[in-house]
Amino acid sequence: MTPAANSRSSNSKTTLSPGQRFKAWVALHRECAVDALRRLQQQPAGSAMTLAVIAIALLLPALLYVTGKNLSQFDNSLAQANRVTVYLQTDVDASVIDELQQQMAAHDLVSSAHYISPEQAAADFAEWSGLGDVVDSLATNPLPASIVIQASDTRYETAQQLQETFDDAPGVDFVQMDQLWLQRLDSFLSLTQRAVIALIVVLSLAVLFITGNSIRTSIASREAEIRVMNLIGATNGFIARPFLYSGLWYGLLGGALAWILLALLMLVLRGPATELLAYYGNQYQLQGLGTSASAVLLGGSAVLGWLGARLSVSRHLTRF
Amino acid sequence: MIRFDDVSKRYPGGHEALKQVSFELEKGEMAFLTGRSGAGKSTLLKLIMLIEQLNQGQILVGGRNINRLPPRQVPYYRRRIGVVFQDHQLLFDRSVFDNVMLPLQIEGYDKHEAARRVRAALDKVGLLDKEKLNPITISGGEQQRVGIARAVVNRPQILLADEPTGNLDPELAAEIMVLFEQFNQVGVCMLIASHDLSLITRLKHRMLTLDQGRLIKDEHQPSRAAATNHTGQRT
């Protein structure tokens, strides 16, 4: 080495081309990511505990989300059967029924009105209940005639208004809304949605703190290294980077573990759930998390892990 | 290259480590910093490294007032200065090679180029054949040479050393000093804190002597007499 060589070489490092710099930067990040992963493997017990806690914290909202998603299947399909049934008095003239039906069909809030005769009702009941023999054995048909109204929209208020309108009409015995339990399901579903959001917020904080704490421990265990790097001119960003990658891995792997646990749970529940759903007809199926929610779970958990590490790093790296 | 103007440093708690110290080191100059332990040698080096902040005066390095350096700039400033520590500060979780690689990694060198420089630095300190070993398995003298390789691998203009031979026997210590002189010959400005007077007076370089925080002597050609005089004061 001569002085000239010395100055030349110190120039050459400042004139690295942007391409070279970018390549070195990418290589550095990749190395950092791989190194962070290797460090997680080096302490399998500690890492596994952290990952398990993160996974459980993420599993809870995911599970509630899936429950809500399955229940809303009912909501959607039953909203179609948005009916008001108007039961008619016995011995009402056919002309009165006709007039009533026309009046209903002309109403703004009604999309269709369909007359069901007592005979039709009996046949439907026989078929639906499987009690055909019993119906046949009856001397007279106990079922009244009815008009089934399909409301124009699914709102509870609409059905209520229809009930009020036709309750006192001539020839009407009483009006029944099929909507009440639907209403309850609806409010239950919006409750679950809120619960999911609240749980996500609370448990995200938990994930943040869990990762933050793990990162704090690993910062403490690498104190010597951090001190040396600091002395030889490493920027805070450079020193923080491996810890941020550790956080990212914690989050991502914890999220993946939560996903696997959920999938296993669904597998266990599939048999009994399918049996249960069969009672409600064939259109229902047990649904899993789905692609987009899975992506949100994994992406969100990775971001949370990174953020937790970021918090920890900004608190604990400044000491050096 | 390094200029101290009336620099004073008081630690929290009241201990006055440096009192109105002024001196200047030229580019490519080599100087020893001596004095008993507690005289302020380490503090002086720490001020140059910006590990500690001075209370009074100013320090110019390469013409820049380093105490006005914004914190963001400090890492980049430190990269221009190589430091050799008494306890070498090597990392035992990686090989000799990776230890020397560290400063280049920090600067974002391309891997191939970095490896070439690491080998050049290790060759310079005579440890090329030990690059794959863990530094914990090599001798104290070799560890210190790894520390030196790390300090010079990115070819700093300034090299600071804090008691670099403090843990070494005289023969190894002399070898380390020869190494330092070689770096000085290629234009590196060097400031070496050491209380090993019998060694450093033999080397005929400039010698700054601190006593209780004051710069009491600045000899450009230290004499034998001075050496014997100071040896008597050694603790």
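The written sequence of each chain sets the order in which its residues are numbered from 1. Chain letters and ligand numbers both follow the written order, the letters beginning at A and the numbers at 1. Residues qualify for local features only when their pLDDT is at least 70, as the model is predicted, and side-chain atom pairs are given and counted only at 80 or more; totals for whole chains, interfaces and linings, by contrast, use all residues.

Chemist: Outline the interface of chain B and chain A, listing residues and values.
Modeler: Listed as interface residues are 19 residues of chain B and, on the opposing side, 24 residues of chain A. For the side of chain B that touches chain A, the class distribution of residues is ten nonpolar, three polar and six charged. By definition, residues are in contact whenever their C-beta atoms, placed on the basis of the backbone, come within 7 Å of each other. In this count, Pro and Cys sit with the nonpolar residues alongside Ala, Val, Leu, Ile, Met, Phe, Trp and Tyr, while Asp, Glu, Lys and Arg are called charged and the others, Gly among them, polar.

Chemist: Provide a residue-level description of helix H7 (residues 156-167) of chain A, including the pertinent values.
Modeler: Residues and elements named next belong to chain A. What counts as a helix is a DSSP run of H or I of at least four residues, what counts as a strand is a run of E of at least two, and both are numbered from the N terminus. In a helix, the anticipated span is given by 1.5 Å times the number of residues less one. With twelve residues, H7 extends 16 Å between its outermost C-alpha atoms, agreeing within 8% with the 16 Å of an ideal straight helix rising 1.5 Å per residue. Whether a residue is buried, exposed or partly exposed follows from its count of other C-beta atoms within 10 Å of its own C-beta, namely 20 or more, 12 or fewer, or something in between, respectively; the C-beta atoms are built from the backbone. Every buried residue belonging to H7 is among Ala159, Leu162 and Phe166, and all of these are buried. Seen along its axis, H7 keeps its buried residues to an arc of 60 degrees; they face one direction. For H7, exposure combined with an orientation more than 90 degrees from the buried face picks out Glu157, Glu164 and Asp167. By arc we mean the arc of the directions from the helix axis to the C-beta atoms, nothing more.

Chemist: Outline the domain arrangement of chain A, listing residues and values.
Modeler: Segment limits for the domains were obtained from an automatic or database-derived domain assignment. Considered domain by domain, chain A is made up of domain 1 (27-75 + 186-319) and domain 2 (85-152). The gap between the C-alpha centroids of domain 1 of chain A and domain 2 of chain A is 56 Å.

Chemist: Help me get a handle on the packing of helix H3 (residues 96-107) of chain B against helix H5 (residues 140-152) of chain B, residues and values and all.
Modeler: All names here are of chain B. Axis lines are fitted to C-alpha atoms, over the contacting stretch for helices. Their N-to-C directions set the angle, which ranges from 0 to 180 degrees. Contact geometry for H3 and H5: axes closest at 7 Å, N-to-C directions at 30 degrees. On the basis of their axis angle, the class for H3 and H5 is roughly parallel. Judged by the twist between their axes, the crossing of H3 over H5 is right-handed. Contact residues: H3 offers Val96, Asn99, Val100, Leu102 and Pro103, while H5 offers Val146, Ala149 and Arg150. What sets the label is the angle itself: under 35 degrees gives roughly parallel, over 145 gives roughly antiparallel, 65 to 115 gives roughly perpendicular, and the rest give oblique. By the definition used in this description, the sense in which the near helix is turned from the far one sets the handedness, with an anticlockwise turn below a right angle giving left-handed and a clockwise turn giving right-handed.

Chemist: Break down the sheet that holds strand S10 (residues 214-219) of chain B for me, with residues and values.
Modeler: All names here are of chain B. The six strands lie next to each other as S6-S7-S8-S3-S9-S10, forming an open sheet whose pairing is mixed. Edge positions in the open sheet fall to strand S6 (81-84) and S10, since each of these has one partner strand only. Mean inter-strand twist for the sheet, computed between neighbouring axes without regard to direction, equals 15 degrees. The sheet contacts of helix H1 (residues 41-49) involve strand S3 (30-34), S6, strand S7 (158-162), strand S8 (189-193) and strand S9 (206-211), and relative to S7 the element is tilted by about 145 degrees. DSSP bridges decide pairing: two strands pair if at least two such bridges lie between them.

Chemist: Could you give an account of the sheet that holds strand S4 (residues 172-177) of chain A, naming the residues involved and the relevant values?
Modeler: Residues and elements named next belong to chain A. Ordered by their spatial adjacency, four strands build an open sheet running S2-S3-S1-S4, and the pairing between neighbours is antiparallel. If you trace the sheet from one side to the other, it starts and ends with strand S2 (110-116) and S4, each paired once. Strand-to-strand twist across the sheet, computed as the mean angle between neighbouring axes with direction ignored, equals 20 degrees. In this structure, strand S1 (residues 83-88) lies alongside strand S3 (residues 146-151), joined through five bridges in antiparallel fashion. Within the sheet, the bridge partner assigned to Val86 lies in S3 and is Ile147. Packed onto the sheet, H7 meets S1, S2, S3 and S4 and runs at close to 175 degrees relative to S4.

Chemist: Help me get a handle on the nonpolar core, residues and values and all.
Modeler: Put simply, a nonpolar core is a cluster of buried Ala, Val, Leu, Ile, Met, Phe, Trp, Tyr and Cys residues tied together by C-beta atoms within 7 Å. Residues Leu58 and Ala62 of chain A together with Leu33, Val100, Ala149 and Met190 of chain B are the most contacted members of the largest nonpolar core, which totals 109 residues. With 13 residues, the single largest contributor to this core is helix H10 (residues 236-278) of chain A. The residues touching Leu33 of chain B, leaving out its near neighbours within four places in the chain, are Lys41, Leu44, Leu191, Ile192, Ala193, Leu208 and Leu210 of chain B.

Chemist: Break down the packing of helix H2 (residues 18-42) of chain A against H10 of chain A for me, with residues and values.
Modeler: Residue and element names in this part refer to chain A. Put simply, H2 and H10 touch, their axes get as near as 8 Å, and they point 65 degrees apart. Relative to H10, H2 is oriented so that their crossing is right-handed. Across from Cys32, Ala33, Asp35, Ala36, Leu37, Arg39 and Leu40 in H2, the residues of H10 making contact are Arg241, Pro242, Tyr245, Ser246 and Trp249. Its residues assigned to classes, the contact of H2 with H10 shows eight nonpolar, one polar and three charged.

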